[in-house]
Amino acid sequence: MAENKALTTRAADFSAWYNEVIARAELADYSPVRGCMVIRPNGYAIWEQMQRALDQMFKDTGHQNAYFPIFIPQSFLSREAEHVEGFAPEVAVVTHGGGKELDEPLIIRPTSETIIYAMYAKWIQSYRDLPILINQWANVVRWEMRTRLFLRTTEFLWQEGHTAHATEAEAEEETIRMLGVYRTFMEQWMAMPVITGRKTDSERFAGALRTYSCEALMQDNKALQASTSHNLGQNFARAFEVTFQTANGDLDHVWSTSWGASTRMVGALIMTHSDDLGLVCPPRLAQYQVVIVPIYKTAEERTAVMEASDRVRKELAAAGMRVHLDARDDMKPGAKYYEWEGRGVPLRLELGPRDVSSGSVVLARRTGGKKETILMEGVASAITVAMNKLQADLFQAALARREAATLRGATKEQFIAKMENEGGLVYGGFCGSAACEAEIKEQTKATIRVLPDEEFRSSVAPTKCMWCGRPSVAEAVWAKAY
RNA sequence: CGGGGCGUAGCGCAGCCCGGUUAGCGCGCCUGCUUCGGGAGCAGGAGGUCCCCGGUUCAAAUCCGGGCGCCCCGACCA
């Protein structure tokens, strides 16, 4: 009985814990199709909050949404050499339709660059048509060998931005801008600290000039790439003949970018904040930010308590909060507490006869801090304060955890020991050699997550490669990754 | 694709080694009463192609052969 109720702890088995948190919170379930998941209402609600925030940020930076087909002619994929090499192995192919074999097989998009550039070629003639700033919310399919709920599923949901510009500088500026948008979202909404920077060539997106990413460290000290932003240069423009006439009459290929973030972020959210009681969701992304649990025995008490609860609910809703009054009559308050904790609700208000008579209500935080009694008068502003504090505390806790798991200026021996034992992030010099990078991966399973942007770099720049001792060309951040 | 584990009620499992009445247990579910400030109690009840196919046997959840599926670890990857 007890063993059914407690989750496997993070310390005992992180993977099992992760799966159990998802089951407990009813975020997702395995589907009849191997590798595919069903995103349940509680999980989809978090995704919707993510979408809402990101979508607004995309629009605020001048982008529009559009939609392109899920099917792409197979031949499109092979037009960009690196792209086909990168994606061909994991593409699902449709060979039949309407009861007949198709003349040309269609692939189910693993990403939409190819079909989008085929359209951009039609839409762009002049520099006056640029920039084109389009985003799409879509599902994509990548036939992965091994899947995990949210982190890697055969089909997943994401957004992919695709922009075309007249100059290289503009494209680079866009690439960096969107990386910044992701960073802001992850820090301010997800309460998840990230390191931004550039990917090495071996980790670069297939077909891109440069790939940038936001990297986060999970509670098991493994890194997770949480979003990417690519400067595609003119590679796809050349492959799809996306040309435009410049102001002085020349013909040029457009400079393009793409950037994406997926339902993987839900997995990142879980592994960043949740604890052995279940999901912990930061207030800004929570389906319900506040749940009110009424407490009563008699019918008279019930009437009074429900009346007061509903008044509080209305007041919080009027203040713009996502609030839920748990009016279920067949469940005791304690059972409700456990249920909402498992689902990650940030704040809970307990309201019983004692509170009705004293004009107060008991506030419980999902993490950090004991229960406290607050006045019903001005409850909305007190809750706002508590919510903002919880949001900030979650970020600080995650940041502190990451810093504690970070080692700068490590020697090769320290690096090897850290990767073998506790894991985490290691900053060190990198010689720039792909062979050296491959050898490190081979021997330690660690990869360069990112060549960090300036603000993340160590105060003293490394002079030698952490691994081979040759001169360092850039500081790198290594970790074992998802 | 390599290694490991598992398929028995909605979920989690026992039973299998050593074949033998109506296949059990916990949780959940339904009904009723009592409960209700941290996972309620009692009583009654519903719910099963024992993953599939074949074989052995008087008799198979159990033994044998084949297949399928899922989870975990690795290689691949957002």
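Look above for the structure.
Residues numbered from 1 in each chain as written. Chains lettered and ligands numbered in written order. Predicted model: local features only at pLDDT ≥ 70, side-chain atom pairs only at ≥ 80, totals over all residues. Heavy atoms only, no water.

Asks: Account for the protein's contact with RNA strand B, with residues named and values stated.
Replies: Around RNA strand B sit 40 residues, and of these Arg-146, Arg-152, Thr-153, Arg-264 and Arg-354 come closest. Within 4 Å of the protein, the atoms of RNA strand B are drawn from sugar and phosphate moieties in a proportion of 45%. A distance of 3.1 Å is found between a phosphate oxygen of RNA strand B and a side-chain nitrogen or oxygen belonging to Asn-19. Between Asp-355 and RNA strand B, the recorded distance is 2.5 Å, taken from a side-chain N or O atom to a base nitrogen. Looking at the surface near RNA strand B, its residues break down into 14 nonpolar, nine polar and 17 charged. (Near = heavy atom within 4 Å. Polar contact = N/O pair within 3.5 Å; in protein donor to acceptor, adjacent residues only side chain to side chain. Nonpolar A, V, L, I, M, F, W, Y, C, P; charged D, E, K, R; others polar.)

Asks: Now, about the pairing of strand β21 (residues 425-430): what can you tell me, with residues and values included?
Replies: Burial runs high along β21: six of the six residues are buried. Where strand β20 (residues 406-408) meets β21, three bridges bridge the pair, whose relative direction is parallel. Counted as the bridge partner of Arg-408 is Tyr-427 from β21. Handedness of the β20-helix α14 (residues 412-420)-β21 crossover: right-handed. Bridging between β21 and strand β23 (residues 474-479) involves five bridges; their strand directions are antiparallel. (Buried < 20%, exposed > 50% of the residue type's maximum accessible area, 1.4 Å probe, protein only. Helix = DSSP H or I, 4+ residues; strand = E, 2+ residues; numbered from the N terminus. Pairing = 2+ DSSP bridges. Right-handed = clockwise from strand over helix to strand, strands pointing away.)

Asks: Go over the packing of aromatic side chains, please, and point to the residues and values.
Replies: Tallied over the entire structure, the rule returns 17 aromatic pairs. Ring centres of Phe-14 and Trp-17 lie 4.9 Å apart, and the angle between their planes is 40 degrees; this geometry places the pair in the tilted category. Of this pair, Phe-14 and Trp-17 are both found in helix α2 (residues 14-24), three residues apart, which corresponds to roughly one turn of the helix. Comparing Phe-14 with Trp-17, the two get one shared label, buried. Here the aromatic rings of Tyr-288 and Trp-340 are separated by 5.9 Å at their centres, their planes lie at 80 degrees, and the arrangement is edge-to-face. With Tyr-288 in the loop between α9 (264-273) and β15 (290-294) and Trp-340 in helix α11 (residues 333-342), the pair connects residues that are 52 residues apart, well separated along the chain. Given a relative accessible area of 26%, Tyr-288 falls into the partly exposed group. On the basis of relative accessibility, which here comes to 6%, the residue Trp-340 falls in the buried class. Among the aromatic residues, ring-to-ring pairing joins Trp-47, Phe-58, Trp-137, Tyr-182 and Trp-259 into one connected group. (Phe/Tyr/Trp six-rings, centres within 6.5 Å; stacked < 30°, edge-to-face > 60°.)

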